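Notes for the structure review
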Amino acid sequence: MAKRNKSKMNFGPITIMICIGIGIAILSFLLNKLGTQSYITDPDTFETTIITVKNIFSREGIRFLFGESISNFRALEPLAVIVVSLIAVTILEVSGLLNSLFGSLKNVKPNVVTFFVLLLSVFSTVIGDYSYAILFPFVALLYKNIGRDPKMGVITAFIGITMGYGGGFLYTYQDVVLGKMAENAAIDVLGNYLFEPWSMIFIEVVAALAITILGTILIEKKFPKKYKRLEEKEYIHSPKALAVTMGVFTFFLTLVIYAIIPGLPLSGWLLDSGAGTYMEKLFGVNAPFREGILVIFLGIALICGYIYGKISRNIKSSKEYNKAISLTFQNTGFIFAGLFFFSVMINILEWTNLSDLLSLKLINFVGQTQMSGIFLILLVLLVGTVVTIINPTTVHNFTLLCPTLIPLLIRANISPSFSLMMFKAADSIGKCFTPFYVFFIVMIGFLYKYDTQDEDITLFGTMRKIMPITLWLALVWFIIIIGWNLLGFRIGMGVASTL
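Here is a short report on the structure shown in this document. Bear in mind the structure is a predicted one, so any value in this text is a computation, not a measurement.

Comments concerning the nonpolar core
- Judged by nonpolar contacts, the single largest core of 157 residues is most densely connected at Phe158, Phe440 and Ile481.
- In terms of residues, this core owes the most to one element, helix 20 (residues 459-487), which gives 13 residues.
- Not counting residues up to four positions away in its chain, the partners in contact with Phe158 are Tyr132, Phe136, Met163, Lys431, Cys432, Tyr437, Phe439, Phe440, Met443 and Ile466.

What follows is the structure in structure tokens.
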């Protein structure tokens, strides 16, 4: 009897998302009929509200499913971000500029490249989710030009950004937002508490370096160094074009940097002058830089790409320039198709309240525990990770968690800043193990875009592929959090893990 080809048994990512969506719908029907409910506490007013599961098969559910699927897809933020990033990177590629820049790195040792990609990925978390959209295509082209598999580059960037979200070398705007929420929850117990943005910087830097170093070792061991290359276009290398382009790039970069420095003559026009901390001025809701960062990136890419392409003769006319931009969406079909089915799946999950209810059940369980010390820290890390897997929306999850967990951990002699650090670690881990994270789906889309070997790319297959690495990095996070608490080191400026 002939052996069955196992590859035919694998379901594609879109099929899996459809199946998960159907499973969520059926579960919403069952739990709605059982009358399953929980309660949620507002972190600002501390008012308690009952939350129940809504049935997607109800009249309201059907109206939502058919009436808002397209509008929810249009509102998916990564959609616009990826389009802008792809346009920018494509013109840089077609002009030959990236080939000229990255070509000189062919002789650099693979582990050095991996280390710096991971380091850049961790550092890029300061700009939030934009880091995925910018680094995925950039790193893929870097690997392509140095003779390594672009898919490996995309996976490396994903691991670095996602696992590195809890670490870093600067405090971020998200830290400020979460810190204010932790502050509100802590005041109810401590009476007087003020969150400082730099209060976690020591442990964040250590975590960032540990993830970068161990991640380099694991990735180099797991993934191959070479891949089967296809015939590619030969670009003209022009030192003159590169020198002029770098001069123009330096000018625009200097202009942008000046525009985000407060207090200088005519500076700060990309900042929200009414905000408090610098990160709020830079990335706050009303900050021009937050919405303009991708426009700036696109503008500089279009100008620098055109200049290099024109001088080097890689782009001979404006017609070729426009045609180059049209190549943006080559082999990107899955990114947009995947995001559409993802938006349907995730909106069913959110509309039915399933993710919130399951999260609250876990949170309320922790709130009633009598554990303390290391066992309590372990429990909070595990629950935080599971909550993120159920719904990887950072601010929303902390809104659910902080009214219960911050007071609980304060009573266990754990500082609010360390409690927030624990949540950030769990948030980083959980996002690597869930099909509900939008940038995991985007990563799979880029794997399809740069697949030159007709690999069988699946949703859970990709998760299994990176799991040996992410499990070890998750263990690193657990060791850092628990070790820091046991040793009693300061986690940041003037703040310890305990009160």
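Describing the packing of aromatic side chains
- In this structure the tally under the stated criterion is 22 aromatic pairs.
- Where Phe283 meets Phe289, the ring centres are 5.7 Å apart and the plane angle is 65°; that geometry is what we call edge-to-face. Here Phe283 and Phe289 have matching classes, each one buried.
- On the basis of an interplanar angle of 65° and a centroid distance of 5.9 Å, the ring pair of Tyr437 and Phe439 is categorised as edge-to-face.

What to know about the packing of helix 19 (residues 438-449) against helix 20
- Running from N to C, helix 19 and helix 20 cross one another at 95°; their axes reach a closest spacing of 11 Å. On the basis of the axis angle, helix 19 is roughly perpendicular to helix 20. Taken together, the residues of helix 20 that come into contact with helix 19 (itself represented by Phe440, Ile441, Met443, Ile444 and Leu447) are Leu459, Thr462, Met463 and Ile466.
- Among the residues forming the contact of helix 19 with helix 20, the class breakdown is eight nonpolar, one polar and no charged.

Things to note about helix 2 (residues 59-74)
- The end-to-end C-alpha distance of helix 2, which contains 16 residues, comes to 24 Å, matching closely the 22 Å that a straight helix rising 1.5 Å per residue would cover.
- The axis of helix 2 is deflected most strongly, by about 55°, at Glu68.
- Of the positions making up helix 2, those classed as buried are Gly61, Phe64, Ser69, Asn72 and Phe73.
- Structurally, helix 2 contributes buried residues whose contacts are with helix 3 (77-94) and helix 14 (333-351).

Section: the environment of Tyr448
- Structurally, Tyr448 is set in helix 19.
- Taking relative accessible area as the criterion, Tyr448 reaches 31% and is therefore assigned partly exposed.
- Residues Tyr448 and Ile335, spaced 113 residues apart in sequence, show a C-alpha to C-alpha distance of 8.3 Å.
- Once residues lying within four places of it in the same chain are set aside, the contact partners of Tyr448 are Pro13, Phe334 and Ile457.
- Here the side chain of Tyr448 touches Ile457 through a polar contact of 2.8 Å, landing on its backbone oxygen.

Conventions adopted
- Residues numbered from 1 in each chain as written.
- Predicted model: local features only at pLDDT ≥ 70, side-chain atom pairs only at ≥ 80, totals over all residues.
- Heavy atoms only, no water.
- Core = buried A, V, L, I, M, F, W, Y, C linked by side-chain atoms within 4.5 Å.
- Buried < 20%, exposed > 50% of the residue type's maximum accessible area, 1.4 Å probe, protein only.
- Helix = DSSP H or I, 4+ residues; strand = E, 2+ residues; numbered from the N terminus.
- Contact = heavy atoms within 4.5 Å.
- Phe/Tyr/Trp six-rings, centres within 6.5 Å; stacked < 30°, edge-to-face > 60°.
- Axes fitted to C-alpha atoms, helices over the stretch in contact; angles between N-to-C directions.
- Parallel < 35°, antiparallel > 145°, perpendicular 65-115°, else oblique.
- Nonpolar A, V, L, I, M, F, W, Y, C, P; charged D, E, K, R; others polar.
- Expected span 1.5 Å × (residues − 1).
- Bend = angle between axes of the 7 residues up to and from the residue.
- Polar contact = N/O pair within 3.5 Å; in protein donor to acceptor, adjacent residues only side chain to side chain.

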